[in-house]
4 protein chains.
Amino acid sequence: MGVVVKKGSMQAHEIGLKLRDVGDRLGLEVCFEDTGVDKKIVGNVCTFSASSHELPERVVVIGGDGTLLRFLHNIPHDVKPPLLMTIRAGRRGFFFDVEPYEAEERFVDFLRGRYTVFEYERLVASLNGTTTNPALNEVAVLSYEGKVTRLTVSRDEEKIYSLDGDGVIVATTAGSTAYALSAGGPILDPELQAIVVAPLNPIQLHLRPVVLNVNSEVSVEVRSGSSEAKLVVDGNVLGSLSPGVELRIKRAFSPVRIARFGVEEFYERLFTRILQYW
Amino acid sequence: MGVVVKKGSMQAHEIGLKLRDVGDRLGLEVCFEDTGVDKKIVGNVCTFSASSHELPERVVVIGGDGTLLRFLHNIPHDVKPPLLMTIRAGRRGFFFDVEPYEAEERFVDFLRGRYTVFEYERLVASLNGTTTNPALNEVAVLSYEGKVTRLTVSRDEEKIYSLDGDGVIVATTAGSTAYALSAGGPILDPELQAIVVAPLNPIQLHLRPVVLNVNSEVSVEVRSGSSEAKLVVDGNVLGSLSPGVELRIKRAFSPVRIARFGVEEFYERLFTRILQYW
Amino acid sequence: MGVVVKKGSMQAHEIGLKLRDVGDRLGLEVCFEDTGVDKKIVGNVCTFSASSHELPERVVVIGGDGTLLRFLHNIPHDVKPPLLMTIRAGRRGFFFDVEPYEAEERFVDFLRGRYTVFEYERLVASLNGTTTNPALNEVAVLSYEGKVTRLTVSRDEEKIYSLDGDGVIVATTAGSTAYALSAGGPILDPELQAIVVAPLNPIQLHLRPVVLNVNSEVSVEVRSGSSEAKLVVDGNVLGSLSPGVELRIKRAFSPVRIARFGVEEFYERLFTRILQYW
Amino acid sequence: MGVVVKKGSMQAHEIGLKLRDVGDRLGLEVCFEDTGVDKKIVGNVCTFSASSHELPERVVVIGGDGTLLRFLHNIPHDVKPPLLMTIRAGRRGFFFDVEPYEAEERFVDFLRGRYTVFEYERLVASLNGTTTNPALNEVAVLSYEGKVTRLTVSRDEEKIYSLDGDGVIVATTAGSTAYALSAGGPILDPELQAIVVAPLNPIQLHLRPVVLNVNSEVSVEVRSGSSEAKLVVDGNVLGSLSPGVELRIKRAFSPVRIARFGVEEFYERLFTRILQYW
């Protein structure tokens, strides 16, 4: 059993220690993910590394969406991620539904198998034989510094459209309510496995978001004559894309599985979260 | 073998007669659908009725999207529609890819089994035990005369959102490129089976289109306090919806199957069609 | 001094009676607009008619936006409307900022000249020599029953664009936050005198709202080949427009002037009002 | 009389030489702007510098929008720009209506006063006492690298809204058809002097573009807690904006005046230009 705590969050570390105590009582060793944990707070605990090929089978993530994304991005793309449980510490997160006060109770439910598993498909991008770690939300090809990027987007070798502008977002079902939504994309229901392509401020005013079968391969070509583009995965800039290159994006070989303990009220959660920003 | 011709189109009738001649040569009887055919043009041909429970196994529709919709809407909702072939006569149609000059050649391909079948899912709406004939494009609940309609839209008993405005469009994959697209909905790829919900000019500015699993049941409730709404299926007004009623929309029991003879270049066709309107 | 009360609102009638009492104390006769008032509630008061050419110089409107619009629409288009004061009775209204509890105090301010005047430009539409009463929010040309309307919109004889769809909205600065906003139009700041043209769900996906100088003449032509359209002014259907006719829309000769008593926090009011709909 | 030629464009240089010959015949000295001209092409001509305070009274710009912007940005913000004439060399430009073949004829018209002057208002941004050179299209505050920028936008000290996202565009009437249009802003008619504020992919889905009186002062505050933003003027990155700073944007003291020789068909030009991108 592993625990991932939000970097620098005293609350997350304290919840982590409580779960270790629960584990101790039940004869279960609970180790902490090494890059997030602060040993000055939790003492000399056992640790594990997300980037190793020997992960715990189950991991509790304590923090918010940023903590979850950081952990997942450190897992090699050919390793199946552990079954996760998520406990909120800090602001509300899309993937987090256990509150701090109920952490220990739900943790016991997690150990006893009293939960529903939600699966979240992910996307990987590959270029010249190299493949990125999976994106939980989106792979984006964006312009630099307000320059116009000229792209052609295709699905399984059939051209969808060319677009000139700030770039394009290719998002998962979960990511449809993140950056892609701000860019004008639709909301994908959690029960629909699909991929959404959302153009970002295109000069071609008639372009619209497109929703694809989850098994489609999306390719994004930086057209010759374009300025350089950047590859951004879940908000992290991974590198530059020169004119002429073609990025290929498809479903990752394994989804992320998260245990949930209550009734998921997806739309209520979604609009309540958006309401936070008023 | 049946033939449906566009009402009042000399070109469609002439193509129909040519197909009958091809049928004669091959020993196959070709009958005309009775509500579209003009016997002053084609003479005393054999006919069939779309509303009967004894339909030909295969039908050629000659005309445009309007002709196709008219024929399909006359088929009872519990009858599986025949395998269709579509020949354009008049302006370009979304479901039409055979041109008049190649009608006879493709008709022989149709008889010999040289085609690919495309399936188009449809939607039925039911209210108080009555079910509409299936919609190929969309079921819409619209306001009357510029009044505000107050609706609540749900998926499988979970509320998505309430909206006040001109109404809501619930569209099939095929219909995603029709009225729903003008209303701000996304394009659904033909390989994605799904349902799109598009709010129509809502007062709630934060609402966005939602894409659902094709097996979802969508319900649209006209809230108490709303003015009357009207039920519109594929552009035909079927009746009024009073405050308090709840319309239930789900996948029809059978899709429409259309034989296609070339490579489908969906996006090129789509954007070329949109370009017509410049 | 005149008072207009919301039809059937006991609260509005009671506020009206209080203002009449204030008038009595100050030696000022307060008369009620005749179509809204219920004499079973207020007794045998003096009355006036909005449609006469002899209006009171000052009028207090008690109710909401609907009450205000009803009163203004009954004033002939060649009569300058009186200086107005507005008191809310019922839900919040865009043009209403005096609350019921402060009605008498603000009424005295109104009589003593302690207010700021806000001017709202209006639009009139003319067709074949007939001119509508002025619109405070918008003049709309809309399709019937989900049929496609084909329009051409021009500014001072220069074509802006043709559009096929649900119609077009031509709105004032005040109206930019009403129906035009739901249709995708921008918010016009109250200090900007302008006219906004907002296409309604056009098939031509590249069309965008256009903002014009307030002195522009906008013409909307129902193109030959279109189905009939309807002319809707501030939500009231005034008639049908046949293919071939051209409606001309321009600034009315006089604005509506409303006395305001506090600091106008336009954007806070606007977004608070939108928030009501969550 | 000055001439500005597009850097590296043989066609622009050749047109420039023809205009110098016309000038010679009429006894008028024509000098070339020094940063764009290539003396290997045009020989030892007289030159002038855009950044000097002694500009020619009239200048012909030969090239496209990029050439025009480059020239204008080099003029100090307290210097009134010369009356301009624009000749296209290369792709179509928004501010260019004279074609290469008619360059000499229109140049004579320019000298003889046979033209109409179009004025384009500009915007300047100031921060801590420093003011940028005027923007012809827009001042934008944008996020870095896909990070979320947190801004508050106000008009004359009244808050319009806070927004979290990719930033905000504050555009002139001319700029309303450039970047702001791709970001969802409306088209401002050339006869409307105004400022448009367009939020860029905001998390707050209810936000809409706002159109302001041209004399408004718009301020954009980078809220504490935001990541750094960048200041971009007409596509050029001018610097970084740290959390806590407030940028003030207002009308420049002088517009750009451009001589035009034909009937301006604004909307036809606009939509034809957009059509280029199909």
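Quantities reported herein were computed from a predicted structural model and do not represent experimental measurements. (Residues numbered from 1 in each chain as written. Chains lettered and ligands numbered in written order. Predicted model: local features only at pLDDT ≥ 70, side-chain atom pairs only at ≥ 80, totals over all residues. Heavy atoms only, no water.)

With that out of the way, let us pick up the domain arrangement of chain A. Residue and element names in this part refer to chain A. Along its sequence, chain A is organised into domain 1 (2-121 + 255-276) and domain 2 (123-251). The gap between the C-alpha centroids of domain 1 and domain 2 is 29 Å. Taken together, the contact between domain 1 and domain 2 spans 18 residues of the former and 20 residues of the latter. Interface area for domain 1 against domain 2, summed over the two sides, is near 1500 Å², with a carbon-plus-sulfur share of 64%. Counting the surface domain 1 buries against domain 2, the share from its top three residues, His73, His77 and Glu121, is 44%. (Domains from an automatic or database assignment. Contact = heavy atoms within 4.5 Å. Buried area = accessible area lost by both parts, 1.4 Å probe.)

Another point: the interface of chain B and chain A. The extent of an interface is frequently quoted as the accessible surface area lost upon association of the parts. Facing the 29 residues of chain B at the interface are 29 residues of chain A. Between chain B and chain A lies a buried interface of about 2400 Å² when both sides are counted; carbon and sulfur atoms form 59% of it. Our count for the chain B to chain A interface comes out at two salt bridges. Across the pair aspartate 189 of chain A and arginine 155 of chain B runs a salt bridge, and its minimum N-O distance is 2.8 Å. Our count for the contact surface shared by chain B and chain A stands at 14 residue pairs in polar contact (both at pLDDT 80 or more). At the level of secondary structure, the elements contributing two or more residues to the side of chain B that touches chain A comprise β11 (158-165), β13 (187-188), β15 (210-213) and α6 (266-275) of chain B. Considered class by class, the residues forming the side of chain B that touches chain A number 17 nonpolar, four polar and eight charged. (Salt bridge = Lys/Arg side-chain N within 4 Å of Asp/Glu carboxyl O. Polar contact = N/O pair within 3.5 Å; in protein donor to acceptor, adjacent residues only side chain to side chain. Helix = DSSP H or I, 4+ residues; strand = E, 2+ residues; numbered from the N terminus. Nonpolar A, V, L, I, M, F, W, Y, C, P; charged D, E, K, R; others polar.)

Here we come to helix α4 (residues 103-112) of chain B. Residues and elements named next belong to chain B. When we look at burial in α4, the residues that qualify are Ala103, Arg106, Phe107, Asp109 and Phe110. Viewed end-on, α4 has its buried residues packed into an arc of 160 degrees, placing them on one side of the element. Facing away from the buried surface of α4 by more than 90 degrees, the exposed residues are Glu105 and Arg112. Where α4 is buried, its residues touch α1 (10-25), β4 (58-63), β5 (83-88) and β20 (256-260). (Buried < 20%, exposed > 50% of the residue type's maximum accessible area, 1.4 Å probe, protein only. Arc of directions from axis to C-beta.)

What follows is about the sheet that holds strand β3 (residues 47-48) of chain B. All names here are of chain B. Here seven strands make up an open sheet; going across it, the order is β3-β2-β1-β4-β5-β20-β6 and the pairing mixed. With partners counted over all chains shown, the strands left at the sheet margins are β3 and β6 (116-120), one partner each. Relative to strand β2 (residues 31-33), strand β1 (residues 2-5) runs parallel, the two sharing two bridges. By the bridge assignment for β2, valine 3 is matched with phenylalanine 32. Contacts between α1 and the sheet are confined to β1, β2, β4 and β5, with β4 contributing the most and set at about 150 degrees to the helix. (Pairing = 2+ DSSP bridges. Axes fitted to C-alpha atoms, helices over the stretch in contact; angles between N-to-C directions.)

Before going further, it helps to examine the side chain of glutamate 158 of chain C. Position of glutamate 158 of chain C relative to the elements: it lies in strand β11 (residues 158-165). Since its relative accessible area comes to 13%, glutamate 158 of chain C is described here as buried. In this structure the side chain of glutamate 158 of chain C is engaged in a polar contact, spanning 3.4 Å, whose partner is the backbone nitrogen of tyrosine 267 of chain D. Contact partners of glutamate 158 of chain C, with chain neighbours within four places excluded, come to Glu264, Glu265, Phe266 and Tyr267 of chain D.

What follows is about the state of the cysteines. Residue and element names in this part refer to chain C. This model, assessed by the stated rule, comprises four disulfides over all chains. Covalent S-S linkage joins cysteine 31 and cysteine 46, the inter-sulfur distance amounting to 1.9 Å. Judged by the torsion about the S-S bond (-100 degrees), the cysteine 31/cysteine 46 disulfide is left-handed. You can see cysteine 31 sitting in strand β2 (residues 31-33) and its partner cysteine 46 sitting in the loop between α2 (39-42) and β3 (47-48), a full 15 residues away along the chain. Given the relative accessible area of 13%, cysteine 31 is considered buried. (Disulfide = S-S within 2.5 Å.)

Taking strand neighbours across the sheet as the criterion, the seven strands line up as β18(A)-β17(A)-β9(A)-β12(A)-β14(A)-β15(A)-β13(B) in an open arrangement whose pairing is mixed. Two strands bound the open sheet, and with one partner strand each, they are β18 (236-241) of chain A together with β13 of chain B. Pairing of strand β9 (residues 138-143) of chain A with strand β12 (residues 167-171) of chain A, which is carried by five bridges, proceeds in the antiparallel orientation. Within β12 of chain A, the position partnered with glutamate 138 of chain A by the bridge is alanine 171 of chain A.

Here the focus is the relation of the copies chain B and chain A. Mapping chain B onto chain A is achieved by rotating through 180 degrees and translating by 0.0 Å along the same axis, at an RMSD of 0.0 Å. Taken together, the rotation angle and the small translation identify this as a two-fold axis. Nearest to the rotation axis, the C-alpha of proline 186 of chain B is located 3.3 Å from it, this being the minimum over chain B. Of the interface residues in chain B, 100% have counterparts in chain A that sit at the interface too, so the contact is made through matching surfaces. (Least-squares fit on C-alpha atoms with pLDDT ≥ 70 in both.)

With that settled, consider the pattern of salt bridges. Inspection of the entire model under this criterion finds 53 salt bridges over all chains. Where salt bridges share partners, they join Glu102, Glu105, Arg106, Asp109 and Arg114 of chain A into one cluster.

Turning our eyes to something else, we now look at the packing of helix α1 (residues 10-25) of chain D against helix α4 (residues 103-112) of chain D. Residue and element names in this part refer to chain D. Across the interface, α1 lies against α4 with an axial gap of 10 Å and an inter-helix angle of 45 degrees. Classified by the interaxial angle, the pair formed by α1 and α4 is oblique. In terms of crossing hand, the pair formed by α1 and α4 is right-handed. Between α1 and α4, the contacting residues are Ile15, Lys18, Leu19, Val22 and Gly23 on the first element and Ala103, Glu104, Phe107 and Val108 on the second. Of the residues contributing to the contact of α1 with α4, the split by class is six nonpolar, one polar and two charged. (Parallel < 35°, antiparallel > 145°, perpendicular 65-115°, else oblique. Left-handed = near helix turned anticlockwise from the far one by under 90°.)

Turning to the packing of aromatic side chains, a few remarks are in order. The final tally for this structure, using the stated rule, is 32 aromatic pairs over all chains. Measuring from centroid to centroid gives 5.2 Å for phenylalanine 95 of chain B and tyrosine 120 of chain B, while their planes differ by 85 degrees, and the two rings are edge-to-face. Remark: tyrosine 120 of chain B occurs in strand β6 and phenylalanine 95 of chain B occurs in the loop between β5 and α4; sequence separation between them is 25 residues. Since its relative accessible area comes to 1%, phenylalanine 95 of chain B is described here as buried. Look at tyrosine 120 of chain B and you get buried, because its relative accessible area is 12%. With a centroid separation of 5.1 Å and 90 degrees between ring planes, the pair formed by phenylalanine 94 of chain D and phenylalanine 95 of chain D is classed as edge-to-face. One aromatic cluster is present, built from ring pairs that chain together Phe94, Phe95, Tyr120, Phe266 and Tyr267 of chain A. In this arrangement the basic side chain of arginine 58 of chain D is found over the ring face of phenylalanine 110 of chain D, its NZ or CZ atom lying 5.1 Å from the centre. (Phe/Tyr/Trp six-rings, centres within 6.5 Å; stacked < 30°, edge-to-face > 60°. Lys NZ or Arg CZ within 6 Å of the ring centre and 35° of its normal.)

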